[in-house]
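Descriptive analysis of the structure
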Amino acid sequence: MTHVDNRCRIAALAGLLLGLGCLCVVPTAITGQAPTGPGRISVSVGVAAVLPADVRFVDGEDAGEAALYGDDQSDAGTLAAGLEYGLAAGYRFGAFRAQVELTVTGRLAYEGQSNYVAGGPVQRTEARMNARRLLLSGFREFGALGGGRLWVGGGVGANRYRLTDYIQRFPNPDDPSGRLRRGPAGEVPQTSLPANTGYGFAWMLAAGLTVPLRADVLLDFGYRYTDAGRIGTATGDIEVVRYDEDGGRQLRRIPINPTVADLRLHSLTATLRWLP
């Protein structure tokens, strides 16, 4: 995947959100301020189409072991688009609403390309990641659009992720008869990185449109940008599979420092909010 691919997908998701909003309201000029009133409790459930930004894994902090990548080496790629599910409870103070929200990101597939010296032009990598975030968020209504209300918001909290099944493969090394030679039946040499569960600071910014369905039921459409901190592999043993000249398979375990990458998410959300 390329940066252009991701921008096209983000634009397509934004178009989908705009279309959904048009189905629910008649576009008019923004008029006045959103209604205010006594505080009201709200309970929300929602779903989001999430598109992660491109990621790049590099060496993390020195934990006393060997560095995996070293200078000018890395593993860059994309996490596939997927779904997120959310549950929140909030309270409204006039045009301002505060809420605590839990978001669960479904399992996302990572596909990338490492750039080890002598690894060849194709160094395919793959992994799997899922995450959960707990945020304290605030939202401010600021105007009307047709039958809906516009809002902006932000939040801070923590992200918990699980990164597993991380494998790097080398099917076309610079020297096919060297240390990255294939096995006797064409087996591809590979390196498996240690799984990891970690935590990080997360924050988000959002904007959108609220459409009343009934006096006590609202439908929120929104765009959300989330900085979910860092993800990465744990300090531990990589499993290196290589093949000897006589076809023998060698498995070596080598302790390494952690690797890290920044996790950024673009999401289009649809949330049903009940005011009991």
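Nothing here was measured: the structure is a model prediction, and the numbers come from that model.

Counting residues in each nonpolar core, the largest one holds 26 residues, and the members touching the most others are Phe 57, Met 129 and Tyr 166. Listed by contribution, the elements that provide at least two residues to this core are strand 2 (55-59), strand 5 (96-114), strand 6 (124-145), strand 7 (148-169), strand 10 (217-233), strand 11 (236-243) and strand 13 (259-274). Setting aside its immediate chain neighbours within four residues, Tyr 166 contacts Phe 57, Tyr 69, Asp 75, Tyr 110, Thr 125, Glu 126, Ala 127, Thr 191, Ser 192, Leu 193 and Thr 233. Within the second largest apolar cluster, six residues are counted, among which are Phe 139, Trp 151, Ala 202 and Ala 206.

Take the packing of aromatic side chains next. Taken as a whole and assessed by the stated rule, the structure comprises eight aromatic pairs. Through successive ring pairs, a cluster of aromatic residues spans Phe 57, Tyr 110 and Tyr 166.

For the structure on display, the rule yields three cavities of 30 Å³ or more. Of the volumes computed, that of the largest cavity is approximately 350 Å³. Every residue lining the largest cavity is counted, 28 residues in all, and those nearest its centre are Gln 99, Glu 101, Arg 224, Thr 269 and Thr 271. Taken together, the residues of the lining of the largest cavity break down into 11 nonpolar, 10 polar and seven charged.

The backbone phi angle of Ala 118 is positive, close to 70 degrees, even though this residue is not glycine. Residue placement: Ala 118 occurs in the loop between strand 5 and strand 6. The phi dihedral of Asp 165 falls on the positive side, at around 55 degrees, and the residue is not glycine. Position of Asp 165 among the secondary structure elements: in strand 7.

With that out of the way, let us pick up the side chain of Thr 210. Looking at the secondary structure, you find Thr 210 in strand 9 (residues 196-214). Setting aside chain neighbours within four positions, we find Thr 210 in contact with Gly 148, Arg 149, Trp 151, Leu 218, Leu 219, Asp 220 and Arg 273.

Further remarks concern the layout of surface pockets. Taken as a whole, the largest pocket spans an internal volume of roughly 320 Å³. If you trace the largest pocket, you find 17 residues lining it, with Arg 179, Leu 180, Thr 191, Val 240 and Arg 242 closest to the centre. With four residues, strand 11 is the largest single contributor of residues to the lining of the largest pocket. Split into classes, the residues belonging to the lining of the largest pocket amount to nine nonpolar, three polar and five charged.

On the surface, Ile 41, Val 43, Val 45, Leu 87, Tyr 91, Phe 93, Phe 96, Leu 213, Leu 272 and Trp 274 cluster together into a nonpolar patch covering about 940 Å² of accessible area. Breaking the nonpolar patch down by element, the ones donating at least two residues are strand 1 (41-52), strand 4 (82-93) and strand 13. The residue Tyr 91 is located in strand 4 in this model. With relative accessibility at 35%, the residue Tyr 91 sits in the partly exposed group.

Attention shifts here to the pattern of salt bridges. In the structure shown here, the tally under the stated rule is 11 salt bridges. In this structure, the salt-bridge partner of Arg 224 is Glu 101, at a minimum N-O distance of 2.4 Å. With Arg 224 in strand 10 and Glu 101 in strand 5, this residue pair connects regions lying 123 residues apart in the sequence. Here Arg 224 matches Glu 101 in class, with each residue buried. Arg 273 is paired through a salt bridge with Asp 220; the nearest N and O atoms lie 2.9 Å apart. With Arg 273 in strand 13 and Asp 220 in strand 10, this pair connects stretches of sequence that are 53 residues apart.

By secondary structure assignment, the location of Thr 191 is in strand 8 (residues 190-193). For Thr 191, the side chain forms a polar contact with the side chain of Arg 242, separated by 3.3 Å. Once you skip the residues sitting within four places of it in the chain, Thr 191 turns out to touch Tyr 166, Ile 167, Gln 168, Phe 170, Ile 238, Glu 239, Val 240 and Arg 242.

Cut-offs used in this document
- Residues numbered from 1 in each chain as written.
- Predicted model: local features only at pLDDT ≥ 70, side-chain atom pairs only at ≥ 80, totals over all residues.
- Heavy atoms only, no water.
- Core = buried A, V, L, I, M, F, W, Y, C linked by side-chain atoms within 4.5 Å.
- Buried < 20%, exposed > 50% of the residue type's maximum accessible area, 1.4 Å probe, protein only.
- Helix = DSSP H or I, 4+ residues; strand = E, 2+ residues; numbered from the N terminus.
- Contact = heavy atoms within 4.5 Å.
- Phe/Tyr/Trp six-rings, centres within 6.5 Å; stacked < 30°, edge-to-face > 60°.
- 1 Å grid on protein atoms, 1.4 Å probe; cavity = no way out; pocket = protein on both sides within 12 Å on 5 of 7 lines; lining within 4 Å.
- Points joined across faces, edges and corners; volume = space filled by probe spheres on them.
- Nonpolar A, V, L, I, M, F, W, Y, C, P; charged D, E, K, R; others polar.
- Patch = residues over 30% accessible without salt bridge, like charges linked within 9 Å, V, L, I, M, F, W, Y side chains within 5 Å.
- Areas by Shrake-Rupley, 256 points an atom, 1.4 Å probe, with all protein chains shown as cover.
- Salt bridge = Lys/Arg side-chain N within 4 Å of Asp/Glu carboxyl O.
- Polar contact = N/O pair within 3.5 Å; in protein donor to acceptor, adjacent residues only side chain to side chain.

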